[in-house]
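# Structural features, examined
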Amino acid sequence: MDRESTRAGGRIAAAVSAKLLDAAHSPARGTRLSVVIGRWLALTFAVCLVTGFYSHLLQDPSTWPGVTFSRPAWLYAVTQSVHIVAGTVSIPLLLGKLWAVYPELLRWPPVTSVLHGLERVSIAVLVSASLVEVTIGVINTFQWYPWPFPFRETHFALAWVILGSLLIHVAVKYPKIAAHWRGSRAASAPEAGRARRRVLALVGTAAVAAFVGTASENVPAVRALAVFTPRRPGRGSQGLAVNRTAEAAGVALPADAADWRLRVVVGERVSEFSLAELAARPQAERSLPIACVEGWVQDAAWGGVPLAALLEAAGASAGDVVVESLERAGNYRMTILPERFAWDPLTLVALRLGGEPLSLDHGFPARLIAPGRPGVLQTKWLAELRVITGGKA
Ligand code: HEM
Ligand SMILES: Nc1nc2c(c(=O)[nH]1)N[C@H]1C(S)=C(S)[C@@H](COP(=O)(O)O)O[C@H]1N2
Ligand SMILES: [Mo]
């Protein structure tokens, strides 16, 4: 292409860009709208990042064992419910923010300097990572995995990408944000102000609807409003929601429950406990929540043997515990219970739920129930507990 036609091409692109910008024009748009929605979005994203990283540390206790807590017992129920609510509220905010700034995509020339180019790349990364993050998050709460990559690892990696590109974005825009906060913004025409308030009211209403439609899931009196969540705590075997049934997990009732043994391995020493032996030991009753990673929470009355007492009977006095299920395959057939959780006096090898023996779907013959843990790590259908050194053993 010669120079003349390049210039002609540039002029055409600029003219098309001007037309498109004209068509996309709205008096509501401007720094003010972007900053106001951006501020709400920064808040919900920050909440998602903090609560999400906490969930990750619980699931990956080897990374940073000191910062996960078994008390208060409802801690994870709160952090993860807040995660799902803040994540869902982010969706209308994100859409509002994109509406506020998308004409920038139509501007010609697209890049005016190296710095400007870098800024645009960081925004492209932020926007695409955010859209994928919230989309897979929501789809995951419906326990639907239509993609070929693992949800948790992808969601976690994207959280870092979001954090990095968000920091760059805020740093680059800092002068505009600070000017807005100092109140030195240009006075806008009354018409523009009205238009902006209409958009903010719409985005705000959608955000409140997203909040109510998810947060109400865990408030029994208003549960009917939880239109955006897939499950209902309270509906399921023994009045407690079931995430994965015994059938789905491929666990069949032991041919004879009398043949079942819970193995407790401490070093070379292996102890075995039958259901009758466990039931004959001193029992404890605990009210502890199932706090599913997908955001539903339900308190339940568990009865069984305190884990610490059982470990002591098997010869242990400290250490992390590997917990294995009768389930043959699946991500949750095994979990590591860090020392702080294993030796918490609230932690049970539960045999009963609401005074009745556990149903098969809730983990018969025995399941783990510990305070402050994601539901997904509350292993059902126990087969073996293995104390590993990692503690003071
Ligand atoms: C900016 C938005 C978000 C960020 C930064 C974020 C971040 C995170 C992080 C870091 C984790 C821990 C992952 C791990 O254990 O490795 C997590 C877990 C999770 N997030 Fe998000 N998240 C966001 C939005 C959402 C949304 C919108 C939903 C759904 C409504 C969602 C649902 C979940 C679920 C269900 C888990 C638990 C995954 C599991 O353990 O199986 N997230 N999130
Ligand atoms: N062995 C095993 N235990 C498991 C699961 C599983 O798939 N396999 N699912 C977990 C999940 S995701 C949750 S939320 C809780 C739910 O317990 P509940 O079905 O008794 O309500 O059990 C957990 N325990
Ligand atoms: Mo779960």
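Residues numbered from 1 in each chain as written. Chains lettered and ligands numbered in written order. Predicted model: local features only at pLDDT ≥ 70, side-chain atom pairs only at ≥ 80, totals over all residues. Heavy atoms only, no water.

Looking at the metal site, the iron atom of ligand 1 is ligated by His83 (NE2) and His155 (NE2), spaced 2.0 Å from it. Around the iron atom of ligand 1 sit six donor atoms, and with donor-metal-donor angles ranging over 86 to 180° the site reads as octahedral. Here His155 lies in helix α5 (residues 151-182) and His83 lies in helix α3 (residues 75-101), a separation of 72 residues in the sequence. A relative accessible area of 13% means that His83 is categorised as buried. Assessed through its relative accessible area of 16%, His155 is described here as buried. (Donors = N, O, S within 2.8 Å, 3.2 Å for Na, K, Ca; no water. Tetrahedral: all angles 85-135°; square planar, octahedral: opposite > 155°, others 65-115°. Helix = DSSP H or I, 4+ residues; strand = E, 2+ residues; numbered from the N terminus. Buried < 20%, exposed > 50% of the residue type's maximum accessible area, 1.4 Å probe, protein only.)

Not every one of the 24 residues close to ligand 1 is listed here, only the nearest: His56, Gln59, His83, Arg152 and His155. Contacts to ligand 1 include Gln59, whose side-chain N or O atom sits 2.4 Å from an oxygen atom. For ligand 1, a nitrogen atom lies 2.7 Å from a polar atom in the side chain of His155. Those elements that provide at least two residues to the shell around ligand 1 are α2 (31-59), α3, α4 (114-141) and α5. Here the shell around ligand 1 gets seven residues from one element, more than from any other, and that element is α2. Among the residues forming the shell around ligand 1, the class breakdown is 11 nonpolar, 11 polar and two charged. (Near = heavy atom within 4 Å. Polar contact = N/O pair within 3.5 Å; in protein donor to acceptor, adjacent residues only side chain to side chain. Nonpolar A, V, L, I, M, F, W, Y, C, P; charged D, E, K, R; others polar.)

Further remarks concern the site of ligand 2. Near ligand 2 there are 20 residues, and of these Ala241, Glu327, His362, Arg367 and Lys380 occur at the shortest range. The separation between a nitrogen atom of ligand 2 and a polar side-chain atom of Ser325 is 3.3 Å. Between ligand 2 and Lys380 there is a distance of 2.6 Å, counted from an oxygen atom to a side-chain nitrogen or oxygen. With the chains in place, 98% of the 530 Å² that ligand 2 exposes on its own is no longer accessible. Of the residues contributing to the shell around ligand 2, the split by class is nine nonpolar, six polar and five charged. (Areas by Shrake-Rupley, 256 points an atom, 1.4 Å probe, with all protein chains shown as cover.)

Attention now goes to the packing of aromatic side chains. Evaluated as defined, the whole model comprises six aromatic pairs. Seen from their ring centres, Phe53 and Trp160 are 4.8 Å apart, and the 40° between their planes marks the pair as tilted. Here Phe53, found in helix α2, pairs with Trp160, found in helix α5; they are 107 residues apart in sequence, far enough to count as distant. In this structure Trp160 comes out as partly exposed when scored by relative accessible area, which is 49%. Seen from their ring centres, Trp147 and Phe149 are 5.5 Å apart, and the 5° between their planes marks the pair as stacked. One aromatic cluster is present, built from ring pairs that chain together Tyr145, Trp147, Phe149 and Phe151. The positively charged end of Arg29 is found above the aromatic ring belonging to Trp99, 4.0 Å away from the centroid. (Phe/Tyr/Trp six-rings, centres within 6.5 Å; stacked < 30°, edge-to-face > 60°. Lys NZ or Arg CZ within 6 Å of the ring centre and 35° of its normal.)

Attention now goes to the sheet that holds strand β10 (residues 382-388). Ordered in space as β2-β1-β10-β5-β6, the five strands form an open sheet in which the pairing is mixed. On the outer flanks of this sheet lie β2 (269-274) and β6 (334-337), each paired with one strand and no other. Direction aside, neighbouring strands of the sheet carry axes that sit 15° apart on average. Bridging between strand β1 (residues 261-266) and β2 involves six bridges; their strand directions are antiparallel. If you follow Val264 over to β2, its bridge partner there is Ser271. (Pairing = 2+ DSSP bridges. Axes fitted to C-alpha atoms, helices over the stretch in contact; angles between N-to-C directions.)

All told, the structure shown has 10 salt bridges when counted by the stated rule. Linking Asp344 and Arg71 is a salt bridge whose minimum nitrogen-to-oxygen distance equals 2.7 Å. Here Asp344 is found in the loop between α10 (339-342) and β7 (348-353), whereas its partner Arg71 is found in the loop between α2 and α3, with 273 residues between them in sequence. For Arg71, a relative accessible area of 41% gives the class partly exposed. (Salt bridge = Lys/Arg side-chain N within 4 Å of Asp/Glu carboxyl O.)

When the terminal C-alpha atoms of α3 are compared, their 38 Å separation across 27 residues agrees well with the 39 Å that a helix rising 1.5 Å per residue should span. In α3, a bend of some 30° at Ile91 exceeds every other bend along the element, and Pro92, a proline, comes one to four places later. A large share of α3 lies buried, amounting to 19 of its 27 residues. (Expected span 1.5 Å × (residues − 1). Bend = angle between axes of the 7 residues up to and from the residue.)

On to the nonpolar core. The biggest cluster of nonpolar side chains holds 52 residues, and the ones touching the most others in it are Leu262, Val264, Trp302, Leu310, Leu337 and Leu385. When residues in this core are grouped by element, the largest group, five residues, is from β7. Mapping this core onto the domain boundaries places at least three of its residues in each of domain 1 (2-225) and domain 2 (238-387). Setting aside its immediate chain neighbours within four residues, Val264 contacts Arg269, Val270, Ser271, Phe273, Leu310, Leu311, Ala314 and Leu385. Of all hydrophobic cores here, the second largest spans 26 residues; its members include Leu93, Trp147, Ala195 and Leu200. (Core = buried A, V, L, I, M, F, W, Y, C linked by side-chain atoms within 4.5 Å. Domains from an automatic or database assignment. Contact = heavy atoms within 4.5 Å.)

The next thing to look at is the domain arrangement of the protein chain. Splitting the protein chain by domain gives domain 1 (2-225) and domain 2 (238-387). The straight-line distance from the C-alpha centre of domain 1 to that of domain 2 is 40 Å. Roughly 1900 Å² of surface becomes buried between domain 1 and domain 2 when both sides are summed, with 55% attributable to carbon and sulfur atoms. If you look at where domain 1 meets domain 2, you find one salt bridge. For the pair domain 1 and domain 2, the number of links is 10 residue pairs in polar contact (both at pLDDT 80 or more). (Buried area = accessible area lost by both parts, 1.4 Å probe.)

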